[in-house]
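A look at the structure
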Amino acid sequence: MDALMAARELGKAIQEDQRYKDYVAAKAANDADEALQGLISDFSAKRQRLSVEMQKSEDQQDGETIRLMNKEMQDAYGEVMKNVNMANFAIVKNALDMLLNEVNMIISMSCEGEDPATCDPHAAHGCGGSCATCGGCG
């Protein structure tokens, strides 16, 4: 089996993993949640308005307006993240991202000559298994 064929098999294995299935289900729940979609639209509009204001020259910017717009955008983001579907999505996306980081570490370590069957992506960077204090893999 060549590397590209193995990559396709890996892709298939990832799609069979429960973390991927949970991600797909959570994404579908987000897409179907009309209230969440409204919150996301509101947040996006506020972010866009702030971006337009920030692109003005300094002499045309109003610091108070920018401060207020930034607070409104942060509040809108908070509302998005309070949504139960979005909160679940963040959790399952993090789990999938962790899986993909581990896969990438194994591939990287293998390319550096380590044994793909035994290399430990956690040990490579002194990982203790908790991502709470981690600066990221790789």
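In what follows, the structure referred to is the one given above.
A brief report on the enclosed structure follows. (Residues numbered from 1 in each chain as written. Predicted model: local features only at pLDDT ≥ 70, side-chain atom pairs only at ≥ 80, totals over all residues. Heavy atoms only, no water.)

1. A word on helix H2 (residues 18-32)
Every α-helix carries 3.6 residues per turn, so stepping three or four residues along brings you back to the same face. The terminal C-alpha atoms of H2, which comprises 15 residues, lie 21 Å apart, in line with the 21 Å expected from a rise of 1.5 Å per residue. Residues of H2 that are buried: Tyr23, Ala26 and Asn30. Looking straight down H2, one finds its buried side chains confined to an arc of 70°; they lie on one side. Packing partners of the buried residues in H2 comprise helix H3 (34-54) and helix H5 (84-111). N-capping of H2 is provided by Asp17, with a side-chain oxygen placed 2.7 Å from the backbone N of Arg19. (Helix = DSSP H or I, 4+ residues; strand = E, 2+ residues; numbered from the N terminus. Expected span 1.5 Å × (residues − 1). Buried < 20%, exposed > 50% of the residue type's maximum accessible area, 1.4 Å probe, protein only. Arc of directions from axis to C-beta. Contact = heavy atoms within 4.5 Å. Polar contact = N/O pair within 3.5 Å; in protein donor to acceptor, adjacent residues only side chain to side chain.)

2. Some words on the nonpolar core
Judged by nonpolar contacts, the single largest core of 17 residues is most densely connected at Phe43, Leu50, Val80, Met86, Phe89 and Leu99. Considering every element that reaches this core, the biggest residue donor is H5, with six residues. For Phe89, the residues in contact, after removing those within four places along its chain, are Tyr23, Ala26, Lys27 and Asn30. (Core = buried A, V, L, I, M, F, W, Y, C linked by side-chain atoms within 4.5 Å.)

3. Here we look at the packing of helix H1 (residues 3-16) against H2
Across the interface, H1 lies against H2 with an axial gap of 5 Å and an inter-helix angle of 65°. With respect to H2, the element H1 is oriented roughly perpendicular. Of the residues in H2, those in contact with Ile14, Gln15 and Glu16 of H1 are Gln18, Tyr20 and Lys21. Along the lines of polarity and charge, the residues of the contact of H1 with H2 split into two nonpolar, two polar and two charged. (Axes fitted to C-alpha atoms, helices over the stretch in contact; angles between N-to-C directions. Parallel < 35°, antiparallel > 145°, perpendicular 65-115°, else oblique. Nonpolar A, V, L, I, M, F, W, Y, C, P; charged D, E, K, R; others polar.)

4. Topic: the side chain of Asn83
Turning to its location among the elements, Asn83 is positioned in the loop between helix H4 (63-82) and H5. Judged by its relative accessible area of 12%, Asn83 falls in the buried class. At 2.8 Å, the side chain of Asn83 forms a polar contact with the backbone nitrogen of Asn85. In this structure, Asn83 is in contact with Asp33 and Leu36, ignoring residues within four places of it in sequence.

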